[in-house]
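Topology and contacts: notes
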Amino acid sequence: TNQSSFGKCTVTSVTATGDITLQPGTRVVSALVVAGAGGGAWNGAGGGAGGYRTCNSLSVSGTVPITIGAGGSAGTPGSRAGVTGSNTVFSTITSSGGGGGAPCGVNGLDGGSGGGGGGGTCGNTTVGGTGNTPPVSPSQGNTGGGSIGPSTTAGGGGGAGAVGSNGPGPYTTGTAGAGGTGTASCLSGSPTTYSGGGGGGSFYTGIGGAGGTGGGGRGAGPSSPAPGAVGASSGTSNTGGGGGGGTGGWPSPVGAGGSGIVIVKELNKASGMW
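What you see is a predicted model; the values in this text were computed from it and never measured.

Taking strand neighbours across the sheet as the criterion, the four strands line up as β2-β11-β4-β5 in an open arrangement whose pairing is antiparallel. The open sheet has two free edges, formed respectively by β2 (11–14) and β5 (52–59), since each of these has just one partner strand. For this sheet, the mean inter-axis angle between neighbouring strands, taken without regard to orientation, is 15 degrees. Note: β2 against strand β11 (residues 261–266), four bridges, orientation antiparallel. Its bridge partner lying in β11, Ser13 is registered against Ile263.

Structure, rendered in structure tokens:
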């Protein structure tokens, strides 16, 4: 006998925690698993993208539970760091939530992709959080950008396709670090990019960093014209995009992380030996 899969190439996108019931003949699937992203800091860096993992030949059948990771909340005046996103789980695949962005003078948090490091206004140089944490192969994400102190510009969160950019120093009216770019998937039928990092915030002077392609939110900056002069933006829902960092001015908005997603394609595939 030959153990075959007759999944009719059915594609299902899952955006909320629950169960997926596969076709009766499905035995093998391809899957994209994207975690929730980290939130941006109240006065600092962008959040890291949610972990991005794929599998092209996963043996699974019947009804399978799925957990969709929520995006981390944005930093507040009382708790300035962005919150790390939650994991997304499908069968044996777990993608790690993106690291939260760090406030002024603090290193970014680790995660699927690392959160950015806060602006080094105290004279210190900060670094972004480490991506691909815990480690898997191939990598699920990249390290966040830091800030070369002393500086008023924070780093961007890491993305699935690239590291976050550093905030320049010393004290500058320049642009904060951009979020790392995400990675494209064609599993849904058309190329769509997921897991972009959030842009860093720029406080006192300067321009907010751009969000990474793949749902990353822009960072806030007080200078005009600026992408984010009126506040940071949140990562796009169901993309795993990181939240943009804020300026530290109140009530200037700060970006929350975008939630994750699972896409499943049920394959027509023969396996084993006749």
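Structurally, Glu266 is set in strand β11. A polar contact is formed between the side chain of Glu266 and the side chain of Thr26, at a distance of 2.5 Å. If we skip the residues at most four places from it in the chain, Glu266 touches Gly7, Lys8, Cys9, Thr10, Thr12, Leu22, Gln23, Thr26, Val28 and Val29.

We now examine the sheet that holds strand β6 (residues 63–67). A sheet is described by the order of its strands in space; here four strands give the open sequence β3-β6-β7-β8, paired in antiparallel fashion. The sheet is open, and its two borders are formed by β3 (18–21) and β8 (93–95), each paired with just one other strand. Taking each pair of neighbouring strands and ignoring which way they run, the sheet shows an average axis angle of 20 degrees. Inspection of the sheet shows β3 paired to β6 by four bridges, in the antiparallel sense. Paired with Ile20 across the bridge in β6 is Val64.

In this structure, Pro191 sits in the loop between β9 (183–185) and β10 (192–194). Once the C-alpha coordinates of Pro191 and Ala70 are considered, the two residues, 121 residues apart in sequence, prove to be 23 Å apart. When residues no more than four places from it in sequence are discounted, the contact partners of Pro191 are Ser185 and Cys186.

Here is what the cut-offs are and how they apply
- Residues numbered from 1 in each chain as written.
- Predicted model: local features only at pLDDT ≥ 70, side-chain atom pairs only at ≥ 80, totals over all residues.
- Heavy atoms only, no water.
- Pairing = 2+ DSSP bridges.
- Helix = DSSP H or I, 4+ residues; strand = E, 2+ residues; numbered from the N terminus.
- Axes fitted to C-alpha atoms, helices over the stretch in contact; angles between N-to-C directions.
- Polar contact = N/O pair within 3.5 Å; in protein donor to acceptor, adjacent residues only side chain to side chain.
- Contact = heavy atoms within 4.5 Å.

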